[in-house]
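Descriptive analysis of the structure
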Amino acid sequence: MTGPAATTAPRPTGTGTGPGAAHRPAPWVRTRLRATPLAALLTAVLALGTVFLATAFPRVLDRAADHGLRDFLRDRGTVATSVYASATRSGGAKSLDDAAALLAAHVGPTLAVAPGGLVYGARSGRTRSLTNPGLARPERVDPEMGLLYVQGLREHTTLAEGRWPDAPRSGGPVPIVLVREAATTLGIHLGDVLTTPDVLQEDRAPKAEVVGILDAADRADPYWAELSCPLQACLDFTKGKQPEAFWRFTGLVDGSALDAIQTWQTGAQDFWRIPVDVDRLRADQLSRTDRELASYLTGHTANELVKATDRVGLQITSPLPGVLEKATARQQATAPLAAIGPAGLAGVGLVVLGLAAALSGDRRAAELRLLQARGGSRGGVVGRLLGEGVVTVLLPAALAGLLALWLLPSPRWGGAVLAGAAVALFSLLALPLRAARLWSRSRAGSGRRRLAGELAVLAVTVAAVAEVRRRGVAPAGADIDPLLVAAPLLLALTGGLLLARLQPLLLGVFARIATGRPGAIGFLGLARAARGGAEGARPSVLPLIALLLAVTTAGFGSTVLGAVDTERAHAARLTVGGDASVVVPIGVPVSEAFGEAAAELPGVRASARVWADTEVFVLDGNGSTRIFAVVADPVAYAEISRSLGRGAFDAAALSGGTGGADAPVPALVSTALARKLGPGDTRRLRLPNGGELLTRTAGVVDGTPALQGDDRLFVVLPAGPAVALAPELGRANLWLATGPVDQDRLRSLVRERIASVERATTYPVAAGEGNDGLPLGYSVRTSSALRAELAADPLQSAAARLFWTAVLGAGALALLAVLLTLVRAAPERTALLARLRTMGLRPRQGLILILIETLPQTLVAAVGGGLVAVAAVALLGPAFDLSILVGADIAPGLRIDLPPVLLPTVGLAVLVSAGVVAEALIAGRRQIATELRAGDQR
């Protein structure tokens, strides 16, 4: 049986354009981006900015660490950053060249040799006295000369007179050349034969002939460092109770005269100085560098070099390990300060990204529910949202990452790429994950889950704070203490969650108070702020947390920076002994005329001439105790002590003591000395000249301005009675003052009143050999100059700049968080204002209502952030030791100081409040007018 023929409907080919053609839906991503171009653009800009910051800050940290390390090593100079090798003198100049090549080749991969910096040669072990009668003798002591051969001499000097040295003739004097300054100081001329004494055979005593006079091409060239006075004669002193001055200098010989160096004096040595190229060192490779250096000095590499150079007595030393240890300590000390700001910025950035995703989800909630109602699957919708994110997030994120890597070159890229990728991934997944929750069945008990989460955050915060207080800032050897960096942020997060709980209650109280006042604007604005703006909504926690993170980070970090500046200023004053000090050499007194002239300098508030010496002994039945003695005018010295905060005392305690030679002189003794000597008020002192002085204990102090450090053995005597019994105590060798003294004017006064008329002029002293042009032994210091010197730390300066940059970025992102919230709530608020306008609300009242509704959260967050910052200082402060940052030993701990917390708190509050006011003024009027024209369609 056959049925009717089956009919088959034709399938559309999909290529036609007529009515029968298949319907092809528009691409999702293109349609969505065209529908909301402004939202897509803002999302792309936010992803671009946050990913750029996330990628850039690790690079900035790495670059700052490298630059800080290199600047620190450059400041130490070539001497501190070189490796030194020495061996017993043997072989010729070719042997020195071969050994230098071997030593430089084995330095290591991270310890490169500075280009053109290798210096080597041979030198006599000790100097020999010169007996020529016409040589300069400051105190009738013969000058002494050593011999030196240094490779590359002709490239670093020019021949001014005579000829270059060559090999000595058999039995003849050694040909040498001298630098002009040394020859002038000693009174040596071209052609002079310098003779030396020999107690055994005078005719065989070594001699040297000056065949040339040289001029140094660059006296500051590191080539001349550590070469034992080759450029000028150095003033030295004999040993003993009465040291006498004499000149010491070096004669330069040719490489063919190495045997003459051997016979000049016993102990001749070959030497090599290998300067390390500090521009090749990296902060992240300090531990590896230290291991390579240890192997080069005393390890496997050192043993290989002994065999390769065939120098059994080869000794390799370097001050570089100690310098690298200090550099590592500085890096560890500044790492938390450098990381706190970026960590706060990262926290605020994540909050802003989460807030943007939440607002986007709220804006598209109706669309997503419609897709769900029409059968859309979770995977399909999430996939389409991810497709949108590829265009609006991933492409800008990739561009931002590449831009950060290109603009901030650094040999390390892993951390920067990881941070940028993490932020990009968070930005990409935030909205799809929020949309996926629509397909999850809502469960009851969200309030309990929120409370459990908040309690978990509180528990983690308490544990972090307790651990930081227990073990200190960081374990030994750590670069960045993640717990210390996270603790302020956890405190801010906990404070934000607490304020989110309290804010509706507080604003509700103020709203009830406003009900008793005329007008409904205040009540309505506060009531809406307590409810979160929209009807039945709950205040958003994310903007509050963003503001708290920004304010807390700024307040806590600025407190640390302020404490460093304060402690540095105090440490500088303690080191100087006031605000200014003048120290003179032994035997040169600080005259009374100078003291009077110095007291008249602008800025001097109090000054005192002081006699201070360490060669004083306290005599008792058990022997003698060496102490530090200070003799000064009690009134002026008491004022300096009080101003300095060290060893303050009442000047009346040192009055009296002029009753005669047998009457004891009143004295202040240190706490340590009183503890050491035990009971008894009367003590006898033995002075440096052998005389004795009877003293009576008039008080006990824990320190004194003329002596650094506490717990030292010292006595303070009044100048009047002490000088009357022992006149030598009146030859003051120290001047102290308080007040803003100009260092240059004080130095000029010292040069005019002391250095030009005292012992320094009895023999020539090279300018610049002492302190800034003063003769050797003179020192002029001010606390302001020392403070500036301590603050001239490039690593710390970079950390401070990075911190404030991060604070500004966090403030900008916090402002963005607030503005995003305002923009999201703007349609509902505009509708309400439009309705109120129809009921007679004036435009000014509408703006006031907007401000009353939006400003409380900003002000509450600013005040709360300031309080959290103070709490962070109180809780985490005892764990801080700022000694390395300050540059001097200070007591550990941070003190609560309101100005460093108040200034950034007020600044961020003003910034965000200004943004809120601007949004209300600019957007409020336009949106209300638009709403009134269009009518209320809600």
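With respect to the packing of aromatic side chains
With the rule as written, the count across this model stands at four aromatic pairs. Here Tyr223 and Trp224 contribute two aromatic rings whose centre-to-centre distance is 5.0 Å and whose plane-to-plane angle is 85 degrees, an arrangement assigned as edge-to-face. Under the relative-accessibility criterion, Tyr223 is labelled buried at 5%. Measuring from centroid to centroid gives 6.4 Å for Tyr637 and Phe649, while their planes differ by 40 degrees, and the two rings are tilted.

With respect to helix α16 (residues 541-576)
An ideal rise of 1.5 Å per residue puts 52 Å on 36 residues; α16 measures up with 52 Å between its terminal C-alpha atoms. In the segment just after α16, Gly577 is the residue with positive phi, at about 95 degrees.

Description of the pairing of strand β15 (residues 623-632)
Counting buried positions over the ten residues of β15 gives seven, a clear majority of the element. Here strand β14 (residues 606-620) pairs with β15 via nine bridges, running antiparallel. Along β15, the bridge assignment pairs Val610 with Ala632. Relative to strand β19 (residues 714-718), β15 is paired through five bridges, and the arrangement is parallel. Considered in β19, the bridge of Phe628 is made with Phe714.

Observations concerning the pairing of strand β1 (residues 82-88)
With six of its seven residues buried, β1 lies for the most part within the structure. Both β1 and strand β11 (residues 269-275) contribute to a ladder of seven bridges, which runs antiparallel. Of the residues in β11, the one forming a bridge with Ala87 is Asp270. Bridge analysis of β1 against strand β12 (residues 315-317) gives three bridges, and the strand direction is antiparallel. Its bridge partner being in β12, Ser86 is matched across the sheet by Gln315.

Comments concerning the packing of helix α2 (residues 37-76) against helix α12 (residues 414-436)
How two helices sit against one another is set out by the angle between their axes and by the gap between those axes. One can describe the packing of α2 onto α12 by two numbers: an axis separation of 7 Å at closest approach and a directional angle of 160 degrees. Relative to α12, the element α2 lies roughly antiparallel. At the point where α2 passes α12, the crossing takes the right-handed sense. Packed against α2, whose contacting residues are Thr50, Val51, Ala54, Thr55, Pro58 and Arg59, the element α12 presents Gly415, Ala416, Ala419, Gly420, Val423, Ala424 and Ser427 at the interface. For the contact of α2 with α12, the per-class residue count stands at seven nonpolar, five polar and one charged.

What about the confidence of the model for the chain?
Per-residue confidence for the chain gives a mean pLDDT of 80; residues scoring 70 or more make up 85%. Mean pLDDT in the chain bottoms out at helix α15 (residues 521-531), which sits at 68, and peaks at strand β6 (residues 174-179), which reaches 91. Below pLDDT 50 for its whole length, residues 1-21 participates in five contacts with residues either more than four positions away or in separate chains. This model gives residues 758-771 a pLDDT under 50, and the stretch forms 30 contacts once residues within four places in sequence are excluded.

What counts, and at which threshold
- Position numbers for residues start from 1 in each chain and track the written sequence from start to end.
- Given that this is a predicted model, residues contribute local features only at a pLDDT of at least 70 and side-chain atom pairs are listed and counted only at 80 or more, while totals for whole chains, interfaces and linings are drawn from all residues.
- Where side-chain values are given, they derive from all heavy atoms of the structure, hydrogens and water being excluded.
- By convention, a stacked pair of Phe, Tyr or Trp rings (six-membered ring in the case of Trp) has centres within 6.5 Å and planes under 30 degrees apart, an edge-to-face pair has planes over 60 apart, and any other such pair is tilted.
- Whether a residue is buried, partly exposed or exposed follows from its accessible area with a 1.4 Å probe, protein chains only, as a fraction of its type maximum: under 20%, in between, or over 50%, in that order.
- The secondary structure listing takes helices from DSSP runs of H or I that are at least 4 residues long and strands from runs of E that are at least 2 residues long, numbered from the N terminus.
- By this rule the span expected of a helix is its residue count minus one, scaled by 1.5 Å.
- Being paired, for any two strands, means DSSP has found at least two bridges between them.
- Between the N-to-C directions of two axes lies an angle of 0 to 180 degrees, each axis being a line fitted to C-alpha atoms and, for a helix, fitted only over the stretch in contact.
- Roughly parallel means an angle under 35 degrees; roughly antiparallel, over 145; roughly perpendicular, 65 to 115; everything else is oblique.
- Handedness of a helix crossing follows the sense of rotation of the near helix relative to the far helix, less than a right angle counterclockwise being left-handed and clockwise being right-handed.
- Residue contacts follow a heavy-atom distance rule, with two residues in contact if any of their heavy atoms lie within 4.5 Å.
- Residues are grouped as follows: Ala, Val, Leu, Ile, Met, Phe, Trp, Tyr, Cys and Pro are nonpolar; Asp, Glu, Lys and Arg are charged; all remaining types, including Gly, are polar.
- For every residue, the predictor assigns a confidence score, pLDDT, that lies between 0 and 100.

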